[in-house]
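Close look at the chain arrangement
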Amino acid sequence: QVQLLESGGGLVQAGGSLRLSCAASGNIRSINAMGWYRQAPGKQRELVAVITSGGNINYADSVKGRFTISRDNAKRTAYLQMNSLKPEDTAVYYCYADIERIGVGLSYFYWGQGTQVTVSS
């Protein structure tokens, strides 16, 4: 079994900061990309940020310069530092990881439980 446990999120005023964490656990051989999607009410889920095992990073244009993704491979954990938050960042944030389980030989996407981020104006 593989689990992704998210933490962080909450309510913050515009201009504030939050940090999300996403910790992977279980029968893991390797973790490729890790990242976050978000989904606001009435909108499609969108990619926010992704970081590969080699450290390559991509951000959505809407968060460039404000959000920073990082990972600690030893802890199997990714982090999303969100600064200068705007009301339009309000959404449920879902972490994901592309994980190869021991003995499986293929990698699959796993998802966290989601965490609410609300930015008040």
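Our subject is the structure listed above.
Please read all numbers here as calculations on a predicted model, not as lab measurements. (Residues numbered from 1 in each chain as written. Predicted model: local features only at pLDDT ≥ 70, side-chain atom pairs only at ≥ 80, totals over all residues. Heavy atoms only, no water.)

Some words on the state of the cysteines
Counting across every chain of the model gives one disulfide. Here C22 connects covalently by a disulfide to C95, the sulfurs 2.2 Å from one another. Between C22 and C95 the disulfide shows an S-S torsion of about 60°. By sign, it is right-handed. Of this pair, C22 sits in strand β3 (residues 18-26) while C95 is found in strand β9 (residues 91-101), placing the two residues 73 residues apart along the sequence. (Disulfide = S-S within 2.5 Å. Helix = DSSP H or I, 4+ residues; strand = E, 2+ residues; numbered from the N terminus.)

Remarks on the environment of S121
With respect to the helices and strands, the residue S121 is situated in the segment after β11 (115-120). In this structure, the C-alpha to C-alpha distance between S121 and A14, residues 107 residues apart in sequence, is 5.3 Å. Excluding residues within four positions of it along the chain, S121 makes contact with A14 and P87. (Contact = heavy atoms within 4.5 Å.)

Considerations on the nonpolar core
Most often, soluble globular proteins have nonpolar side chains that are buried together. W36, L80, M82, Y93 and I99 are the most contacted members of the largest nonpolar core, which totals 31 residues. At the level of secondary structure, the elements contributing two or more residues to this core comprise β1 (2-7), β3, β4 (28-39), β5 (46-51), β7 (67-72), β8 (77-82), β9 and β11. Counting residues per element, this core draws most heavily on β9, at five residues. Ignoring sequence-local partners within four residues, the contact set of M82 consists of G16, S17, L18, L20, R66, F67, Y93 and V117. (Core = buried A, V, L, I, M, F, W, Y, C linked by side-chain atoms within 4.5 Å. Buried < 20%, exposed > 50% of the residue type's maximum accessible area, 1.4 Å probe, protein only.)

A word on the packing of aromatic side chains
Taken as a whole, this structure holds four aromatic pairs when the rule is applied. Ring pairing ties together the aromatic residues Y37, Y96, F109 and W111, which thus form one cluster. Taking the ring centre of Y94 as reference, the NZ or CZ of R45 above it sits at 4.1 Å. When the ring centre of W111 is taken as origin, the NZ or CZ atom of R45, which lies over that ring, is 5.0 Å away. (Phe/Tyr/Trp six-rings, centres within 6.5 Å; stacked < 30°, edge-to-face > 60°. Lys NZ or Arg CZ within 6 Å of the ring centre and 35° of its normal.)

Examining unusual backbone geometry
For R76, which is not a glycine, the phi torsion comes out positive at approximately 55°. Summarising the element assignment, R76 is placed in the loop between β7 and β8. One non-glycine residue with positive phi stands out, namely S84, at about 50°. By the secondary structure assignment, S84 is in the loop between β8 and β9.

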